[in-house]
Amino acid sequence: MEIRQLRYFVAVTEEGTFAAAADRLHIVPAAVSQQIARLERELSVRLFDRSTRHVALTAAGELLLPEVRAALAAGDRIGRIAADIAAGTVGILRLGTSQGMGERLHRLLDHLAAATPALDVRLDAAPLAERLDAVRHGVLDAAFTRILDHAPGLELLPVWTDPLTVALPATHPLAANSVVRLQDLADMPLRLVPREDNPLFYDLIVNACRDAGFDPVLGTTFTDLQNTLATIGSSSPSWTVLYQATADLLPVRRVAFRPLTAPEPVTSLAVRPNPPIPAVRALLDACSRVAT
């Protein structure tokens, strides 16, 4: 049974003759008659009474007509949904997120919702290595990464830069500055997470200090955000570095957040190297809007 046979059946029913149905379908009457005959053989029932000039539905044809129309309507819906999927306006986007994206993530989701309201976005905040592996194996469609400049088997598409901010005691003289240079912090202990916990970020900050002309004095290890900031605000002077997006969400007393002049790590979208699916194209467009 073919969709076209069902369409021919409905056309003959509505037009009353094979000739009129053929004219509506822009084919020859013999083709309509042939396909209707095949449909009748496949269904093992006679659909039309051909004993008069105007063909008429048999009892079997009358019973089948509503089902045929429902099948055609379902086929049309499938076609429309498939077209929407191909256009990226409907479907599922499985996206790996990075910690501390802050307001940018909310803006990104707002842009996606406005452009593709039927797109179901599912977020995954797994650790970096797991996110990348999930993209490689098709479990995720894309994943955000920071600082990373290569990932075997994946393509990294830069989407924006992430400004950094220094957290230091609100009473420190540097807190009076609108921005802070790394070299201004050379004599103050730096609190970082252990390198094994976040080697990319650790190396970024340490190497940036060295580029600024000094080896940082490593103070007490960064434990968790709340306790580290509380200690910076209440103990002997020390400092740490956060993404600006994270700092913007932290109304912390006794700590001042000041922009760093450098470095500015890049956030990228990790995707498989084949042409992006429509949902990922919609994501890239939303990223472009967020970046601007």
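Look above for the structure.
Here goes a summary of the coordinates provided. Only a predicted model underlies this, so the values are computations on that prediction, with no experimental measurement involved. Counting from 1, residues in each chain are numbered in the order their sequence is written. Residues qualify for local features only when their pLDDT is at least 70, as the model is predicted, and side-chain atom pairs are given and counted only at 80 or more; totals for whole chains, interfaces and linings, by contrast, use all residues. Derived side-chain values reflect all non-hydrogen atoms in the structure, with water molecules and hydrogen atoms excluded from consideration.

**Concerning the overall build of the chain**
Under the DSSP-based scheme used, a helix requires at least four consecutive residues in state H or I and a strand at least two consecutive residues in state E, with every element numbered from the N terminus. A count of helices and strands for the chain gives 10 helices and 10 strands. When we talk radius of gyration, it's over C-alpha atoms, and the globule rule is simply 2.2 Å times the number of residues to the 0.38. In terms of overall size, the chain is more extended than a compact globule, its C-alpha atoms giving a radius of gyration of 32 Å where 292 residues would be expected to give roughly 19 Å. With the C-alpha coordinates of the chain rotated into their principal frame, the extents come out at 105 × 35 × 30 Å. Taking all 292 residues of the chain together, the buried fraction comes to 39%. Buried, partly exposed and exposed residues are distinguished by accessible area as a fraction of the type maximum, computed with a 1.4 Å probe on protein chains only: under 20%, between the cut-offs, and over 50%, respectively.

**Notes on the nonpolar core**
Grouping buried Ala, Val, Leu, Ile, Met, Phe, Trp, Tyr and Cys residues that are joined through side-chain atoms within 4.5 Å yields what is termed a nonpolar core. Residues Leu-164, Leu-182, Leu-185, Ile-205, Trp-239 and Leu-260 are the most contacted members of the largest nonpolar core, which totals 24 residues. When residues in this core are grouped by element, the largest group, 7 residues, is from helix H7 (residues 199-211). It only takes one pair of heavy atoms within 4.5 Å for two residues to be counted as in contact. When residues no more than four places from it in sequence are discounted, the contact partners of Leu-260 are Leu-164, Thr-165, Val-166, Val-180, Leu-182, Leu-185 and Val-241. The next biggest cluster of nonpolar side chains, apart from the first, holds 20 residues, and it includes Leu-95, Leu-269, Ala-279 and Ala-286.

**Description of unusual backbone geometry**
Residue Ala-262 is joined to Pro-263 through a cis peptide bond whose omega torsion reads -5°. The topology assignment puts Pro-263 in the loop between strand S9 (255-259) and strand S10 (266-271). For His-26, which is not glycine, the phi dihedral falls at a positive 60°. Tracing the backbone through its elements, the reader meets His-26 in the loop between helix H2 (18-25) and helix H3 (29-43). Accessibility expressed as a relative area gives 72% for His-26, which makes it exposed. The phi angle at Ser-44 is positive, at roughly 65°, despite the residue not being glycine. Position of Ser-44 among the secondary structure elements: in the loop between H3 and strand S1 (48-49). Residue class for Ser-44 comes out exposed when judged on its relative accessible area of 65%.

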